[in-house]
Amino acid sequence: MKKTGAQILCECLIEEGVEVIFGFPGGVVLPFYDTLPQYPQLRHILVRHEQAAAHAADAYARVTGKVGVCLATSGPGATNLVTGIANAYLDSVPVIAITGQVATPFIGKDAFQEIDITGITIPITKIGSLVLDVKDLSRAVKEAFYVARTGRPGPCIIDVPKDIFQAKTEYSYPDKVNLPGYKPKLFGHSAQIKKAVDTINRAENPVVIAGRGVLISRAWDELKELAEKAQIPVVTTLLGIGAFPETHVLSFGWMGMHGMHYANKAVDEADVLIAIGMRFDDRATGIVSAFAPRARIVHIDVDPAEIGKNVRVDVPIVGDIKNVLMDLNKGIEPSQHLDWIHQLEQWRLEHPALTIRDSDSILPQYVIHQIYEATAGNAYITTGVGQNQMWAAQYYYYDKPNRLVSSGGLGTMGFELPAAIGAKVGCPKDVVWCIAGDGGFQMTLQEMATIVQEDIDVKIAIINNGYLGMVRQWQEMFYQRQYVGSTLTGPDFVKLAEAYGIPAERISDKVMVRSAIETAMAYKGPYLLDFVVDPEENVFPMVPPGAKLVEAMEWPGINARTLMK
Ligand SMILES: Cc1ncc(C[n+]2csc(CCOP(=O)(O)OP(=O)(O)O)c2C)c(N)n1
Ligand SMILES: [Mg+2]
């Protein structure tokens, strides 16, 4: 029996295990929307802006390990997805963006709402296809899903003209893909693995750097085996947070611009670095010419383009991390490294990065830490970008994989709220906290309507400092305190939330912080807390741009209590 393109798309999505589509309709996708009720297995979540659809799909993919799906109409709907697609691309998240396109006879005519979205997204997608014949649709979907989730994951786009949704053809879902140019290498080369094993077995001061690749490959058990067997301290990148339990004795926090000084110091002094599923981003390495001057570097990554891109590598291994670590672990000899670990512990005592200074005002770090305690470390945390993001990464300790959902590569303000939607839809039984900046929140706050319409139980904490805080911090430190364009007003967030139908509270008194968090958690449904925090609090430590990792600015006068363990 023949099916329409719209039906075929639905059938393909179901074949791929899709359960939810974050979308927003428009003229050319109406045939698809008209067909959706025939497929009740596909839940459609109506967002209020397409950017949010892409971010929600992105977060859904991060927390579930599945492919996230977003959908928009042609023209402005499609271009509104672009930031979200770019976000998924830079953090290697498998997202399928489906866009409607003007009907095939209008393509190339500057028709109403025509935009070349596959062209626009070439640099930020793994593949994109404009489907010009309904017979090609199922193959395009199959390929997009395959490419999105294999190798180094990333977004793919499928652009479907209106008449292709309506055209009919025989439907069958291909069981294989045939992409001759695309063959991700899944296993590491045995000679390279042997070299890595020898290097690691001989190391005296080894450090593992775990990146998001460990999470993507679901290789946290293998990483733990490696670390414990050879007693190797582990630091993570910002996006690798949760790849190794942060309260584990071998965990030494995360490295980079706002990472812990002892993590950066460990990397700087190491004689062997085992860098796993990370890309030596400049925010992680500091000035690259001075990066890890003493270390032989073993770099494991599924993407050959990452090898040697930013730093010299002594032992490159290209392959899927789980497979590579399983092979590697076989050759790793049990070891101790007692002096080295003792040295790291000493640095941690001397440079306690995670302190909360005494203050009568509400410090953002205090808010995050109270959320950590109230949720017993079990929540999914989505963040905005800026100071709130760094504090959420520092003062919540992540023992489980994929609990921190944050925009690392693109650094997209406004990610927090749509990401919370995606995380909660992906993990409905878990607690989801959205840590928002007052700036970033104003970029996507319209999604409060989505939350209410879909009854999505997320808790929102606005870290309200009245500033584009991270910008202000840079202006304070590097631009003689000229706060140009960074002083920020906002609406009354409590009234606004209530206008959307979300109960809310403003917290201006420190003693109310914990009870407000508990009230929000006890409430069945979404809840917003507007924390009026110390406006000029800064994020420390900070490695200034262009400096070496070990040249961090630390807390002015570390005397506060240390929260670590
Ligand atoms: C879409 C977007 N525009 C601009 C920036 C640059 N930027 C990075 S952090 C920041 C300030 C964020 O302010 P807010 O959301 O209030 O968070 P805070 O730093 O105060 O916690 C800005 C403007 C960005 N990352 N994303
Ligand atoms: Mg702010």
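Predicted model, so just to flag it, every value in this text is computed and none were measured.

Now for the overall build of the protein chain. Scanning the protein chain for helices and strands turns up 23 helices and 22 strands. In summary, the protein chain has a C-alpha radius of gyration of 24 Å against a globular reference of 24 Å for 565 residues, a match within 12%. Projected onto its principal axes, the C-alpha positions of the protein chain cover 70 × 60 × 40 Å. With 565 residues in all, the protein chain has 61% of them scored as buried. Approximately 21400 Å² of the protein chain is accessible, and the part contributed by carbon and sulfur atoms is 53%. Between the mean site of the 51 positive side-chain charges and the mean site of the 63 negative ones, the protein chain shows a separation of 4 Å.

Around ligand 1 sit 17 residues, and of these Gly411, Asp438, Gly439, Gly440 and Gly469 come closest. In the environment of ligand 1, an oxygen atom lies 2.8 Å from a nitrogen or oxygen atom belonging to the side chain of Asp438. Summarising the interface, the protein chains cover 76% of the accessible area of ligand 1, which totals 580 Å² for the free molecule. Breaking the shell around ligand 1 down by element, the ones donating at least two residues are helix H17 (387-395), helix H19 (438-444) and helix H21 (469-478). Per-element tally for the shell around ligand 1: the top contributor is H19, with four residues. Taken together, the residues of the shell around ligand 1 break down into seven nonpolar, nine polar and one charged.

Within the protein, the atoms that donate to the magnesium ion (ligand 2) are Asp438 (OD), Asn465 (OD1) and Tyr467 (O), at distances of 2.0 to 2.2 Å. The sequence motif formed by the donor residues of the magnesium ion (ligand 2) is D-x26-N-x1-Y. On the criterion of sequence distance, the pair formed by Asp438 in helix H19 and Tyr467 in the loop between strand S19 (459-464) and H21 is long-range, its members being 29 residues apart. Taken individually, Asp438 and Tyr467 each receive the classification buried, so the pair is uniform in this respect.

Right, let's get into the packing of aromatic side chains. Within the structure shown, the criterion is met by 13 aromatic pairs. Taking the centre distance of 6.0 Å and the plane angle of 80° together, the rings of Tyr146 and Tyr182 count as edge-to-face. On the criterion of sequence distance, the pair formed by Tyr146 in helix H7 (residues 137-149) and Tyr182 in the loop between strand S8 (168-170) and helix H9 (190-202) is long-range, its members being 36 residues apart. Here the aromatic rings of Trp474 and Phe478 are separated by 5.5 Å at their centres, their planes lie at 80°, and the arrangement is edge-to-face. Placement of the pair is Trp474 and Phe478 together in helix H21, with a separation of four residues, close to one helical turn. Using a relative accessible area of 22% as the deciding quantity, one classes Trp474 as partly exposed. Pairwise contacts between aromatic rings join Tyr372, Tyr396, Tyr397 and Tyr398 into one cluster. Above the plane of the ring of Tyr262 lies Arg348, whose end atom (NZ or CZ) is 5.7 Å from the centre. Note that Arg472 overlies the ring of Tyr467, its terminal NZ or CZ placed 5.3 Å from the centroid.

Counted by the stated rule, this structure contains 29 salt bridges. One salt bridge connects Arg481 with Glu476, and the closest N-O pair in it is separated by 3.7 Å. Ionic contacts of the salt-bridge type, sharing partners, join the residues Arg152, Asp303, Glu306 and Lys309 into one network.

On to the sheet that holds strand S21 (residues 527-532). Spatial ordering of the open sheet is given by S17-S16-S18-S19-S21-S20, a layout of six strands whose pairing is parallel. The sheet is open, and its two edges are formed by strand S17 (404-405) and strand S20 (504-507), each paired on a single side. As paired elements, S20 and S21 share four bridges and run parallel to each other. For Glu505, the partnering residue across the bridge sits in S21 and is Leu529.

Next up on the list: the packing of helix H11 (residues 220-230) against helix H14 (residues 321-331). Contact geometry for H11 and H14: axes closest at 9 Å, N-to-C directions at 25°. As summarised for this structure, H11 and H14 are arranged roughly parallel, according to the angle between their axes. You can see that H11 and H14 cross each other, and the crossing is left-handed. Mapping the contact onto sequence places Glu222, Leu223, Glu225, Leu226 and Lys229 in H11 and Lys322, Leu325, Met326, Leu328, Asn329 and Lys330 in H14.

Their axes nearest at 9 Å, the elements helix H12 (residues 261-269) and helix H15 (residues 338-350) cross at an angle of 145°. The crossing of H12 and H15 is right-handed. Side by side, H12 and H15 meet where Tyr262, Lys265, Ala266 and Glu269 of the first sit next to Trp340, Leu344, Trp347 and Arg348 of the second. Of the residues contributing to the contact of H12 with H15, the split by class is five nonpolar, no polar and three charged.

Let us now look at helix H16 (residues 364-374). For H16, a buried count of ten out of eleven residues is recorded, marking the element as mostly surrounded by other parts of the structure. Listing the buried residues of H16 in full gives Pro364, Gln365, Tyr366, Val367, Ile368, His369, Gln370, Ile371, Tyr372 and Ala374. Remark: Ala376 follows H16 within two positions and exhibits a positive phi of approximately 50°.

Here we have six strands laid out as an open sheet, ordered S11-S10-S9-S12-S13-S14, and parallel in their pairing. Only two strands of the sheet have a single neighbouring strand rather than two, namely strand S11 (251-254) and strand S14 (315-318). For this sheet the average axis-to-axis angle between neighbouring strands, irrespective of direction, equals 15°. Two strands pair when backbone bridges link them, and strand S9 (residues 206-210) and strand S12 (residues 272-276) are joined in this way by five bridges, in the parallel orientation. Bridge pairing in S12 links Pro206 to Val272.

The rules behind these values
Residues numbered from 1 in each chain as written. Chains lettered and ligands numbered in written order. Predicted model: local features only at pLDDT ≥ 70, side-chain atom pairs only at ≥ 80, totals over all residues. Heavy atoms only, no water. Helix = DSSP H or I, 4+ residues; strand = E, 2+ residues; numbered from the N terminus. Rg over C-alpha atoms; globule rule 2.2 N^0.38 Å. Buried < 20%, exposed > 50% of the residue type's maximum accessible area, 1.4 Å probe, protein only. Areas by Shrake-Rupley, 256 points an atom, 1.4 Å probe, with all protein chains shown as cover. Lys, Arg positive; Asp, Glu negative; His and termini not counted. Charge placed at Lys NZ, Arg CZ, Asp CG, Glu CD. Near = heavy atom within 4 Å. Polar contact = N/O pair within 3.5 Å; in protein donor to acceptor, adjacent residues only side chain to side chain. Nonpolar A, V, L, I, M, F, W, Y, C, P; charged D, E, K, R; others polar. Donors = N, O, S within 2.8 Å, 3.2 Å for Na, K, Ca; no water. Phe/Tyr/Trp six-rings, centres within 6.5 Å; stacked < 30°, edge-to-face > 60°. Lys NZ or Arg CZ within 6 Å of the ring centre and 35° of its normal. Salt bridge = Lys/Arg side-chain N within 4 Å of Asp/Glu carboxyl O. Pairing = 2+ DSSP bridges. Axes fitted to C-alpha atoms, helices over the stretch in contact; angles between N-to-C directions. Parallel < 35°, antiparallel > 145°, perpendicular 65-115°, else oblique. Left-handed = near helix turned anticlockwise from the far one by under 90°. Contact = heavy atoms within 4.5 Å.

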